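Below are the chains, spelled out letter by letter.
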Amino acid sequence: MRKHYSYLIIIAFTWVLSSCEYTLEPQPVDLLTDELVLNEPKDVANVEVGLYNAFRDIMPSTIIAGDFTADNLTHNGTFSQYRELGNKNITSANASAAALWQSIYSTVYISNFILEKLPTITGVSTTERNRVTGAAHFLRGYAYFIALHSFGGVPEVLTTAIETNRNIPRASVSDINQLIIDDYTAALGKLPDVAPNAGYSSNYAVRAALAKFYLYSKNWAQAETYATQVISSNKYTLEPSFKNLVLKDFTNESIFEVGYTITDDPGTDNNLGLNSLFQGRREIIPSNQVVVALASAESGDRYSSITFNSANLAGTDNGWSVAKYGTPDQDNNNIVVIRLGEMYLIRAEARANQGKITGTGSAAEDINVLRTRANAPTITSATQNQMITLVEQERRYELAFEGHRWYDIVRTDRAAQIMPVFNSNWKDTYNVWPIPQREIQNNPALADNQNPGY
Amino acid sequence: MLRLLLITFCLFSLFSFAQTAQVVTGRVTSEAEPNGLPGVSISIKGTDRGAITDQDGRFSIQASAGETFVFSFIGHQTQEVIYINQPLIGVVMKESARELSEVVVVGYSSVERKDLTGAVTSVKADKFRDMSLNSIDQALQGQAPGVQVTQSSGTPGGGISVRIRGNTSINASNVPLYVVDGIQVETGTLSLSSFGGQGDNAMSLINPNDVASIQILKDASAKALYGSRGANGVILITTKKGNKSLTRINFDIQRGIVDPTKKVQLLNSTQLLTLQREALTNAGENPDAAGLIPGVTDGVNTDWLDEIFRRGLMQQYQLSVSGGDDNTSYYLSMGYRDEEGVQLNNRFQRFSTSLNVERKFTPKFTVGNTLVMAYSMNHRVKGDNFLDGVYSGALKSLPYYAPYDEQGRIIGPSSPGYAAFPNFNPVGQAVLPRFLTSTVKIVSNFYGIYKFNSDFLLRSQVGIDYTDVAEDRYESSQTAIGGYLSSVGGQGYGVFSTDKIANLLANSVLNYNKSIDNHHITALLGGEIIQRPEISGSVQGRLFPSDDFTYIGSAGIVDQGGSGKIRSGLMSAFAEGKYNLNEKYYFTAGFRADASSRFGPGNRVAYFPALSAAWRISRESFFSSNVIEELKLRGSFGYTGNQNYPDFRFLGLWASVPYNGTTGVAPSILGNPKLQWELTREMNLGVDISLFNGRIQSTLETYLNKTNKLLFRVPYASTTGFTSVWDNVGSIQNKGIEFSVSTINLDQEFKWSTDINISKNINRILYLNSDQPLNAGYAGEGTTSTNIVEKGQALGTFIGLNFLGVNPATGDAIYEDRNKDGKITNDDQMVIGNAVPKMYGAFTNRFGYKNFELSVFFQFSYGNSVLNLTKNSLLNSGSDLTSNQTIDALRRWQKPGDITDVPRYIAGNNFNNYTSNRLLEDGSYLRLKNLSLGYYLPSKLTNRILLAQLRIYASATNLITFTKYTGADPEVSTLDGSTTAQGIDFFTLPQVRTISLGLNATLK
């Protein structure tokens, strides 16, 4: 009997020792550690997808920023961050501002990670190396472009050094502009001319972004040049019907858009999908002013950006909904970053500001391309000032709910005229969003450097 | 008491002669064992003759007249009887009032109470036997000093927060370690889906009727052998076992009704319409244009609370069989509980069974198994922070709408009378969806005990706690999610998820026990392996052909799904040595070493030592008192740990992410290889005193605990690419006093005893890595958040603006402009209160007269604040017009000169509704937690119907609450389980009142 016990004890001990490693060193499942994530050629494509995944999170927030901070959308729900945006009573604690900031720097982190780590990996084909490096530069540049115009001069983060980046001050506007142009320049030529699918970056997407960059910089000649390069490349064609832009992904005029499938809807902060905000909860609805604008004759078919349902009419609810991005069972939830229509608008604005009002090669010619497509009356004559206003209106019709309005009226200094009429709480403070409070709290170098008025 | 055969009568028998020894027979019974108490040892004073009672409590022994019989049995008072030729000696053993000899299970061994050196509270099942309890942790409320139990809501099977001596951690768990028959079990919420804040409760799978006793280990010494996971206290649950007796069959039935404790008073249609028109007018809008027409809009007046509330039925049945002989003992039971919630369609059902067997194969070798199994079906409804919740929906919904149409059908999204966002018909939201969480739980422990000799004993066990949760959810096209919110469901919405968690445990403990003269030594040495594998999966479907198809196989789109696996483990070695000299001076040293998989190489192992000592002054020769029977001083010092935080946080990790139909990887966690155990240093001092032969027993404890190296999710600037990283920073202090006293006031024909316990805990964050407060809880309006975590404050601190009143001239709220910048911004916010009570406790009075017994159990909490966030919607000064308002809105400011505390209503303006101490209320309460009356049928009667005992009882829970709190219930917490944001009432269902009748029968 005693013998048997000793066997048992020996067996027990063996079991204990052999299970030690099993017990104490379980391997994470479906997760990769830092050391393993990018160290051989086959990892490159995975990290590239990760970069696009991070970048696409920026886009729903830019729609909130671009349309909701301005006069295209009003609040019809219960969440306080949207109430603040709707009531023009934005605070530094606003969760939408925090979400946009975070998505920008997540993109910057992966870009920096790729730019630091990819050169050390051997065996990657030149095409792939160029493509991924180009995308890292382009998307980082675009992220900073959004950051600059949403928050002003933001911290210039160009490494993955955690300790440095925990305590990093704001850079000047000109530094960030330089960073953007450097990144775009670095990307240009490395990418394929046209991506296999508009969900990925391309040289023409960079050129389109450059056109936008120079438009915002009021460098009209360069803006026109780059817009023309894209338009006359004939790589993209206008959709015959504006409705397609509302209802479809990957239209023929899409230069760059972020891709979602039916299973991953565009999330915003709090994980609320854009289509939940616009359609499901109807937390955010088109403002009366944008409804009037889109319903005008000049807007034409662009009226299809919104829909009406009388069942929704009640109290402050005007019954209108944003039709773009659809419902989750309609797979049209991609968000367009840049499309050909915008190139015409950029060129029109650049031309108008250079005095090219009507005739061949004029602003009117570009506007009329879009008017004709929308079955709206064309423009025959206008003064320069009238044309600049016409372009502003045209941008509102054409680009409604694509995240432009606020950025447009701020860069043209028109917000101070337009916004107080829309909402008397408006003040110049809202020309930029606040630096999110949590960033100021957790980054000592940002202390006392909030945007004025917040 | 007639049944007491008064021994004293015998003593008065007239004469006795010394006679030759003869065989004397007798029978021993007790109140609990009226058919005979087996195992009682009988000895005759001054001789070595002795006997033990058999299964019927009978004995026979050689004795001669004049000799004294000594009857002794564990847990009972020792009795002496002089033999004077009685034909039969009948003795009724009394349970010992003084619990000095009570056996207390501590860690991996057990000890008699008089020998304890640490802080341990025992709760026996008879303290909660009549109460209608859903889960075993509920039974602890008010029963033990230092244990604060808060039920998060009145939902059956819902979450319960148990905190022992305060919160020790910010981001790691604060839940005590629960050990059922030696097996650590899963705690907290099991559900994978949110129901608006309220979780379910893993402990509701343990049937309170199968529990014999609960021990709560509170200080470092008592917890030493669980040290690695013991920082939050340890709760040991011992299930009922058989003992050497005749087969004992017990049947218990309890049935009752369940009602909400309080109904919030809301405006009716006309009152609300007047208010909304006023709000719009104040905002410069035309109320007619908004469609608010008197006589039309208020044509319907629905009391939504009446529509969704019901009187629930509670029923519970329990059958148990127990018994044993010299070598085998067993306890078998089967139970069923069915509790209907007070909200329509809310129901909790549990089937449970247990099987505990122990067999002694040889005098040295014993094998046994404890097995508890349960299956529960929890029919849940949404609540709290869900617009489409049932109770939350009923509070918010406008009375202008009706739940049913003229044909009596539930109004849904396709009906014309549907109020729509954010007023979804709460009746439909209750009745139509299917949220069924079915859970299987098995706690099994197989053990062997080998007694080498009188000194050495080896105990080995292998056990499992297995929990299998399946959640079956379907929301039809007539509900908010399934129908109205086309962005989510559209045509029905279904989710099915499962989670299987096993806690596997194996340990071996070698015990040593030796007494040499006055030196008593016990020691143990053990090792343990724990593994916790968990696999889970979930799938979501939408676009069902019709509401007749409710399972995901019929879904048009199956668009989200996943599965996962995670595993963690712990390896430990522990040792304990105890020494006492003459049961006067006690010394204990305990030590545990652990290695946890949750920390990186180099940081896995931590050591948890503990030392304690006790001095029983009353055993000193210089101490002589007729009054003080026992006086003991105890002290302990030691370390405990906490590793209950997410896995793999020491590694930097990338996770799979989708883009455009492909998948790649993106960073998910910034690793911190330096992470290590959270450590709590604990000190405890205690005094136990027992007076008047045990009629007054009291314990006073005081403690000072400091948790260092907090496992804390440090917020990072997003410029790093991450928003947080886990690190060991900060420290928290808990100090407090606990007092308990039990008295036997009367024990003649009329019996009266009292138990009182009062506790006070002071929690303070001593250090955090940053002076910047962290926001917690909900987002505030006009403030950063409802709660903060800040150095110098306690956990659970509320912040807000300082509301100074309503300006009689304008009707607007006046807030204190603390920074004097002329603006009211979140820079003006300040600490406005704390959810932690200054003092809490309970007092119970038990009365007995003849066959009646009455128990009155009050429980109280004093000095805690409740943030009545419900008011943020239901007394919102017009910031939105989508919610009904409470009757307090009738006090609103209406014209200049009005003196009131409710600001004027302005549609769409939230200034008057900023988060401020206007929403904060005193949450102190005194509650008649339980009142129960029992009656034993006379044995004449029970004998006739072949019953050994029959007891009928009536019991009422939460009968009366005294409080100044204006909301539904001060004892709620919408963020179930939260530490930083406790005590928030946000559309939280109040506790329920249960009134029940029961019957308990023991078969002959």
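Residues numbered from 1 in each chain as written. Chains lettered and ligands numbered in written order. Predicted model: local features only at pLDDT ≥ 70, side-chain atom pairs only at ≥ 80, totals over all residues.

1. A closer look at the overall build of chain A
Next, step 1: In terms of regular secondary structure, chain A is built from 20 helices and seven strands.
Next, step 2: Its C-alpha atoms give chain A a radius of gyration of 25 Å, near enough to 22 Å, the size a compact globule of 454 residues would have.
Next, step 3: In terms of overall dimensions, chain A has a C-alpha envelope of 110 × 55 × 45 Å along the principal axes.
Next, step 4: In chain A, buried positions account for 57% of the 454 residues.
Next, step 5: In chain A, the share of contacts with a sequence separation of at least 24, taken over all contacts with a separation of at least 6, comes to 69%. (Helix = DSSP H or I, 4+ residues; strand = E, 2+ residues; numbered from the N terminus. Rg over C-alpha atoms; globule rule 2.2 N^0.38 Å. Buried ≥ 20, exposed ≤ 12 C-beta atoms within 10 Å, placed from the backbone. Contact = placed C-beta atoms within 7 Å.)

2. A short note on the overall build of chain B
Next, step 1: Within chain B, the regular secondary structure consists of nine helices and 51 strands.
Next, step 2: Relative to the 2.2 N^0.38 estimate, which gives 30 Å for 1004 residues, the radius of gyration of chain B is 31 Å and therefore close to what a compact globule would have.
Next, step 3: C-alpha atoms of chain B, sized along the principal axes, occupy 110 × 65 × 60 Å.
Next, step 4: The buried share of chain B, taken over its 1004 residues, is 53%.

3. Digging into the sheet that holds strand β50 (residues 984-985) of chain B
Residue and element names in this part refer to chain B.
Next, step 1: One open sheet holds the three strands; their spatial order is β47-β46-β50, and the pairing between them is mixed. Unpaired on one side and paired on the other, β47 (920-922) and β50 mark the two borders of the sheet.
Next, step 2: Sheet analysis places strand β46 (residues 865-868) next to β50, joined by two bridges and oriented parallel. If you follow asparagine 868 over to β50, its bridge partner there is aspartate 985. (Pairing = 2+ DSSP bridges.)

4. Points about the nonpolar core
Next, step 1: Within the largest apolar cluster, 293 residues are counted, with the highest numbers of intra-cluster contacts made by A:Leu51, A:Ala143, A:Ala211, A:Ile255 and B:Ile237.
Next, step 2: Residue contributions to this core peak at 13 residues, all from helix α7 (residues 126-151) of chain A.
Next, step 3: Every residue in contact with A:Ile255, bar those within four places of it in the chain, is listed here: A:Ala198, A:Tyr204, A:Ala205, A:Ala208, A:Val230, A:Tyr236, A:Ile338, A:Arg339 and A:Leu340.
Next, step 4: Core analysis: the next-biggest nonpolar cluster, separate from the first, contains 18 residues, B:Ile44, B:Phe59, B:Val81 and B:Ile89 among them. (Core = buried A, V, L, I, M, F, W, Y, C linked by C-beta atoms within 7 Å.)

5. Things to note about the confidence of the model for chain B
All names here are of chain B.
Next, step 1: Mean pLDDT over chain B works out to 87, with 96% of the residues at or above the 70 mark.
Next, step 2: Within the model, the stretch residues 1-19 combines pLDDT values under 50 with 20 contacts to residues more than four positions away or in other chains.
Next, step 3: Here the predicted complex scores 0.82 on pTM and 0.88 on ipTM. (pLDDT = per-residue confidence, 0-100.)

6. A look at helix α3 (residues 269-282) of chain B
Helical geometry note: an α-helix holds 3.6 residues per turn, so side chains three or four residues apart project in the same direction.
All names here are of chain B.
Next, step 1: The terminal C-alpha atoms of α3 lie 20 Å apart, and with 14 residues this matches the ideal 20 Å at 1.5 Å per residue to within 8%.
Next, step 2: Listed as buried for α3 are Ser269, Leu272, Leu273, Leu275, Gln276, Arg277, Ala279 and Leu280.
Next, step 3: Backbone geometry just after α3 places glycine 284 at a positive phi near 80 degrees. (Expected span 1.5 Å × (residues − 1).)

7. Quick notes on the interface of chain A and chain B
Next, step 1: Listed as interface residues are 69 residues of chain A and, on the opposing side, 64 residues of chain B.
Next, step 2: Considering only residue class, the side of chain A that touches chain B consists of 27 nonpolar, 29 polar and 13 charged. (Nonpolar A, V, L, I, M, F, W, Y, C, P; charged D, E, K, R; others polar.)

8. Remarks on the pairing of strand β13 (residues 177-180) of chain B
Residues and elements named next belong to chain B.
Next, step 1: In β13, alternate side chains face the same way, and those of Leu177 and Val179 on one face and Tyr178 and Val180 on the other are all buried.
Next, step 2: The sheet contact formed by β13 and strand β16 (residues 234-239) spans four bridges and is parallel. Following the sheet pairing, tyrosine 178 is matched in β16 by isoleucine 235.
Next, step 3: Across two bridges, β13 lies against strand β14 (residues 183-184) in antiparallel orientation. Bridge pairing in β14 places valine 180 opposite isoleucine 183.
Next, step 4: The hairpin formed by β13 and β14 contains two residues between the paired strands, and aspartate 181 there has a positive phi angle of roughly 45 degrees.

9. A closer look at the environment of B:Gly46
Next, step 1: Looking at where B:Gly46 falls in the secondary structure, it is placed in the loop between β2 (41-44) and β3 (50-52).
Next, step 2: Residues B:Gly46 and B:Phe251, spaced 205 residues apart in sequence, show a C-alpha to C-alpha distance of 44 Å.

10. Here's the deal with the environment of B:Ile995
All names here are of chain B.
Next, step 1: Along the chain, isoleucine 995 turns up in strand β51 (residues 992-1003).
Next, step 2: Among the residues examined, isoleucine 995 registers 17 C-beta atoms within 10 Å and is labelled partly exposed.
Next, step 3: On a C-alpha basis, the gap between isoleucine 995 and leucine 313 in space is 9.7 Å, while along the polypeptide they are 682 residues apart.
Next, step 4: Excluding residues within four positions of it along the chain, isoleucine 995 makes contact with Gly256, Ile257 and Ala956.

11. Here's the deal with the packing of helix α15 (residues 340-353) of chain A against helix α16 (residues 363-373) of chain A
Residues and elements named next belong to chain A.
Next, step 1: Contact geometry for α15 and α16: axes closest at 8 Å, N-to-C directions at 155 degrees. As the angle between them shows, α15 and α16 are arranged roughly antiparallel. Seen along the crossing, α15 lies across α16 with a hand that is left-handed. Here α15 contributes Gly341, Tyr344, Arg347, Ala348, Arg351 and Ala352 to the contact with α16, which in turn contributes Ala363, Asp366, Ile367, Val369 and Leu370. (Axes fitted to C-alpha atoms, helices over the stretch in contact; angles between N-to-C directions. Parallel < 35°, antiparallel > 145°, perpendicular 65-115°, else oblique. Left-handed = near helix turned anticlockwise from the far one by under 90°.)

12. Thoughts on the environment of B:Glu620
Next, step 1: Take B:Glu620: it is sitting in the loop between β28 (605-616) and β29 (628-642).
Next, step 2: Considering only alpha carbons, one finds B:Glu620 and B:Phe798, 178 residues apart in sequence, at a separation of 52 Å.

13. Digging into α15(A)
Residues and elements named next belong to chain A.
Next, step 1: End to end, α15 covers 20 Å across 14 residues, agreeing with the expected 20 Å (1.5 Å per residue, within 8%).
Next, step 2: Of all 14 residues in α15, 14 are buried, a share of seventy percent or more.
Next, step 3: Where α15 terminates, the next one or two residues include glycine 355, which has phi positive at roughly 85 degrees.

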